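Chain by chain, the residues run as shown.
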2 protein chains.
Amino acid sequence: MAVSMHDVARAAGVSQRTVSNVVNDYAYVRPETRRRVLEAMEELGYVPNAAARSLRRSRTGLIAFVVPDFRARIFADLAGLVVREAEALGHRVLIEVTDSDRERELQVLSGGRNQLTDGAIMMALSLRPQDGRRRRAGYPLVLMGDHVLEGVHHVAIPNREASLAVVRHLAGSGRRRLMLLGHGPHGSETARTRLNGFLAGLAEAGLPADEALMVAADWSRARGRQAIEEHIDSGRPLPDAIFAMNDSLALGALRALRERGVLVPQEVALVGFDDVEEARYSTPSLTSVSPDLEAMAAHAVAMLHEQITGKPSGREPHLTVDFHLRIRESSQ
Amino acid sequence: MAVSMHDVARAAGVSQRTVSNVVNDYAYVRPETRRRVLEAMEELGYVPNAAARSLRRSRTGLIAFVVPDFRARIFADLAGLVVREAEALGHRVLIEVTDSDRERELQVLSGGRNQLTDGAIMMALSLRPQDGRRRRAGYPLVLMGDHVLEGVHHVAIPNREASLAVVRHLAGSGRRRLMLLGHGPHGSETARTRLNGFLAGLAEAGLPADEALMVAADWSRARGRQAIEEHIDSGRPLPDAIFAMNDSLALGALRALRERGVLVPQEVALVGFDDVEEARYSTPSLTSVSPDLEAMAAHAVAMLHEQITGKPSGREPHLTVDFHLRIRESSQ
DNA sequence: CTGAAAGCGCTAACAG
DNA sequence: CTGTTAGCGCTTTCAG
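Keep in mind that what you see is a predicted model, and the values were worked out from it rather than measured.

Enquirer: What exactly am I supposed to notice about the relation of the copies chain B and chain A here?
Expert: Both copies of the chain are placed relative to one another by a rotation about an axis and a shift along it. Relative to chain A, chain B is turned by 180° and slid 0.1 Å along the rotation axis, the superposed coordinates differing by an RMSD of 0.1 Å. Here the transformation between the copies is reduced to the relation of a two-fold axis. In terms of proximity to the rotation axis, the leading residue of chain B is Leu94(B), whose C-alpha is 2.2 Å off the axis. An overlap of 100% is found between the interface residues of chain B and their copies at the interface of chain A, pointing to a shared contact surface.

Enquirer: I'm lost on the interface of chain B and chain A in this one. Help?
Expert: A common measure of how large an interface is: the accessible area buried when the components associate. Each partner contributes residues to the interface: chain B has 46 residues there, and chain A has 47 residues. Interface area for chain B against chain A, summed over the two sides, is near 4,100 Å², with a carbon-plus-sulfur share of 54%. Counting the surface chain B buries against chain A, the share from its top three residues, Arg92(B), Leu116(B) and Tyr281(B), is 17%. For the interface between chain B and chain A, the tally reads 12 salt bridges. Among the ionic pairs, Glu329(A) bridges to Arg258(B), the shortest N-O distance being 3.6 Å. Our count for the contact surface shared by chain B and chain A stands at 18 residue pairs in polar contact (both at pLDDT 80 or more). Sorting the residues of the side of chain B that touches chain A by element identifies helix H4 (50-57), helix H5 (73-88), strand E2 (92-97), helix H9 (221-233), helix H10 (247-259) and helix H11 (277-281) of chain B as the ones contributing at least two each. Its residues placed into classes, the side of chain B that touches chain A shows 18 nonpolar, 12 polar and 16 charged. Direction of pairing for strand E2 (residues 92-97) of chain A relative to E2(B): antiparallel, over a ladder of 3 bridges. Paired with Val93(A) across the two strands is Ile95(B), which belongs to E2(B).

Enquirer: What should I look at first to understand the pattern of salt bridges in this one?
Expert: Any two side chains of opposite charge can pair, on the condition that their charged atoms come close. Applying the stated rule across the entire model yields 48 salt bridges over all chains. One salt bridge in this structure joins Arg35(B) and Glu32(B), with 3.3 Å as the shortest N-O distance. Remark: Glu32(B) and Arg35(B) occur in helix H3 (residues 31-44); sequence separation between them is 3 residues, near one turn of the helix. For Arg35(B), a relative accessible area of 41% puts it in the partly exposed group. The partner of Asp131(B) in a salt bridge is Arg102(B), and the shortest N-O contact between them spans 2.9 Å. Of this pair, Asp131(B) sits in the loop between strand E3 (119-123) and strand E4 (141-144) while Arg102(B) sits in helix H6 (residues 102-110); the two residues are 29 residues apart in sequence, bridging distant segments of the chain. Within this structure, Arg225(A), Glu229(A), Arg255(A), Arg258(A), Glu259(A) and Glu329(B) form a network of salt bridges that share partners.

Enquirer: Help me understand helix H8 (residues 189-205) of chain A in this model?
Expert: All names here are of chain A. The first and last C-alpha atoms of H8 sit 24 Å apart over 17 residues, in line with the 24 Å expected at 1.5 Å per residue. Looking only at H8, the buried set comprises Thr 190, Ala 191, Thr 193, Arg 194, Leu 195, Gly 197, Phe 198, Gly 201 and Leu 202. Its buried side turned inward, H8 meets helix H7 (159-172), strand E6 (178-181), strand E7 (214-215), strand E8 (241-244) and strand E9 (269-273). Looking one or two places after H8, you find Gly 206, whose phi comes out positive at around 70°.

Enquirer: Would you mind going over the protein's contact with DNA strand D with me for this structure?
Expert: Surrounding DNA strand D, one finds 26 residues, the nearest of these being Thr33(A), Arg56(A), Met5(B), Tyr46(B) and Arg56(B). Within 4 Å of the protein, the contacting atoms of DNA strand D are drawn from sugar and phosphate to the extent of 55%. In the environment of DNA strand D, a phosphate oxygen lies 3.2 Å from a nitrogen or oxygen atom belonging to the side chain of Ser20(B). Interatomic distance of 2.3 Å between a side-chain N/O atom of Arg56(B) and a base oxygen of DNA strand D. Those elements that provide at least two residues to the surface near DNA strand D are helix H2 (16-23) and helix H4 (50-57) of chain A together with helix H2 (16-23) and H4 of chain B. No other element matches the 5 residues that H4(B) contributes to the surface near DNA strand D. Taken together, the residues of the surface near DNA strand D break down into 11 nonpolar, 8 polar and 7 charged.

Enquirer: What exactly am I supposed to notice about the packing of aromatic side chains here?
Expert: Two descriptors summarise a pair of aromatic rings, namely the distance from one centre to the other and the angle between the planes of the rings. Following the criterion strictly, the structure yields 5 aromatic pairs over all chains and no others. Aromatic pair Phe70(A) and Phe70(B): ring centres 6.0 Å apart, planes at 75°, arrangement edge-to-face. Residue Phe70(A) is found in the loop between strand E1 (62-67) and helix H5 (73-88), and its partner Phe70(B) is found in the loop between strand E1 (62-67) and H5; the two belong to separate chains. Since its relative accessible area comes to 5%, Phe70(A) is described here as buried.

Enquirer: Looking at this structure, how should I read the side chain of Arg221(B)?
Expert: Along the polypeptide, Arg221(B) turns up in helix H9. Given a relative accessible area of 3%, Arg221(B) falls into the buried group. Not counting the four nearest positions on each side in its chain, Arg221(B) is found in contact with Glu277(A), Glu278(A), Tyr281(A), Ser248(B), Leu251(B), Gly252(B) and Glu278(B).

Enquirer: Whenever I open this one, the environment of Asp131(B) confuses me. Can you help?
Expert: Its relative accessible area of 4% is what places Asp131(B) among the buried residues. Each C-alpha atom of the pair Asp131(B) and Leu109(B) lies 8.5 Å from the other, and the pair is 22 residues apart in sequence.

Enquirer: Where do I start with the protein's contact with DNA strand C in this structure?
Expert: Every one of the 26 residues lining DNA strand C counts as a neighbour, but Met5(A), Tyr46(A), Arg56(A), Ser15(B) and Thr33(B) are closest to it. Among the atoms of DNA strand C close to the protein, meaning within 4 Å, 59% are from sugar or phosphate groups. Breaking the surface near DNA strand C down by element, the ones donating at least two residues are H2 and H4 of chain A together with H2 and H4 of chain B. In terms of residue count, H4(A) provides more of the surface near DNA strand C than any other element does, 5 residues in total. Residues belonging to the surface near DNA strand C are distributed by class as follows: 11 nonpolar, 8 polar and 7 charged.

What counts, and at which threshold
Residues numbered from 1 in each chain as written. Chains lettered and ligands numbered in written order. Predicted model: local features only at pLDDT ≥ 70, side-chain atom pairs only at ≥ 80, totals over all residues. Heavy atoms only, no water. Least-squares fit on C-alpha atoms with pLDDT ≥ 70 in both. Contact = heavy atoms within 4.5 Å. Buried area = accessible area lost by both parts, 1.4 Å probe. Salt bridge = Lys/Arg side-chain N within 4 Å of Asp/Glu carboxyl O. Polar contact = N/O pair within 3.5 Å; in protein donor to acceptor, adjacent residues only side chain to side chain. Helix = DSSP H or I, 4+ residues; strand = E, 2+ residues; numbered from the N terminus. Nonpolar A, V, L, I, M, F, W, Y, C, P; charged D, E, K, R; others polar. Pairing = 2+ DSSP bridges. Buried < 20%, exposed > 50% of the residue type's maximum accessible area, 1.4 Å probe, protein only. Expected span 1.5 Å × (residues − 1). Near = heavy atom within 4 Å. Phe/Tyr/Trp six-rings, centres within 6.5 Å; stacked < 30°, edge-to-face > 60°.

In structure tokens, the structure reads:
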């Protein structure tokens, strides 16, 4: 076995209690004693056993960040921000990938997948309101995204408002035939809400909602490209603007348009969602909805922190972050 | 306190031992007994305490993945792969960010930053051979990248060979004035090795090594862009090819070239390193070195797994993964 | 197949 | 300021 506090105590000629005090920067320990203990620790190569400490404190210092998929740029970005915020509040982050699997999301909810964590931040895709009853009682949880489970803290992206803003921008610059890319039969709540905002925008601008211009597609670059290729090759008339439900789709679409010789933005304006770094650097640069991810991460971590430490702070249990529509070359 | 095994045992009218057996799918438990226990667990909402289990088993099931920075796309990609591989072998992954801070890297090495993990995979930037002595004895560790610490398992990217291949490709298609972008005074070992391969390639092709064409820059998109802008604006003659030390630099450079009206690849060929997804979708698409990241993640996790479980497997303690030079529009 | 019981290493209440 | 000591909840040896 590794060297324990007991060993250190014996070596330094003090009690275990004192060693613990030194390790935890506790109370008053005489400088001389502290020095002796530190010396003994150094000499024996003592490293505190975190499992024992966790057991005793019933706190591990770990939180889980649960995402559907790590390949999507936005989740990786968010993870980076969550790690940073968590560290600032003294937590470390365990990454859990659900592969958008409903079963796994439920496992997180019911506590089967949270071993060794004090709480979780989850980006859930498939949860429904009635799943609330499967929740493990007392386990701190914050949801990111659209789903509101009764009584669960939650921080959201303003999907509807942002989509509305996109349509206003497009219609406001004279576009009339708007395509929505990424709407799909297996759509998540997020997709539905963005669709909603899109439709509201059309109505507001007095434009018809054309089913043929609501194109289903997974939110990947490859599918965005493919969807547009198929649309063009089928000979259907082009829209004069495309609103893609995320930047991956938009950038895939951009590639397809370029290959088919369609000019962006002259013939077709293009707008994405998420504002990943790449949007600023594509050719043409991509207009995109930029949700405030930093705020999102900060709020989520802070909410979780409160639940874990049990310090309520009057903070709203439901929050929606800001967004900006970054207008770039692809839609001007 | 939460409900414990003891509570379940009492409720089911069996001993704690039997509950443990059921929880761990152990040994022979009479079906009838198992059923009763399962029922009691369900009823009481029992969730095993992972900290206690970890203490007892002296194993947490967690491994740390330590990266310099999470914003760089390649680290996020790698993290996703590591999480997947780890899960397949029954480990979960804790993400640790060092911000390229040498002190933090040393803390990982010495065990101060590995609380609750059974081992770590680290992408170290600043470690030097003599740091080996600071290593925490017996703590399973695998390094990714260039640094070889005496006696530490290690999986590498073939930086020298790949850089050589890039120069061969460029020189082979008639380019004569090659710029190296990303070489810098604070260069990591990785940068030095890529520089090495570059110089070897020049020598092999009988081309001069021109100091003025070795441009220092952090490996970010913004810096790549800025470096090329400055070069052009200073009136210095353009190279006919640029080898950027990673794709971020290359894509930033591409942006600068485009804005200054320089044609890629007609006037200047451009090659990057890492082959991030974006390279395939840029305009023009980017030629890049594609190291086999999947293999890298798989090897690293497997090596760590062996150390943790103590099952040696004749696998080499040092391994270099394959790479492919993906030749695309930017260099043809 | 199941029970009793001994710790894993640490924290913290209690006592000086 | 420091020593003693009782568990935290679980796994596992030893008996039956």
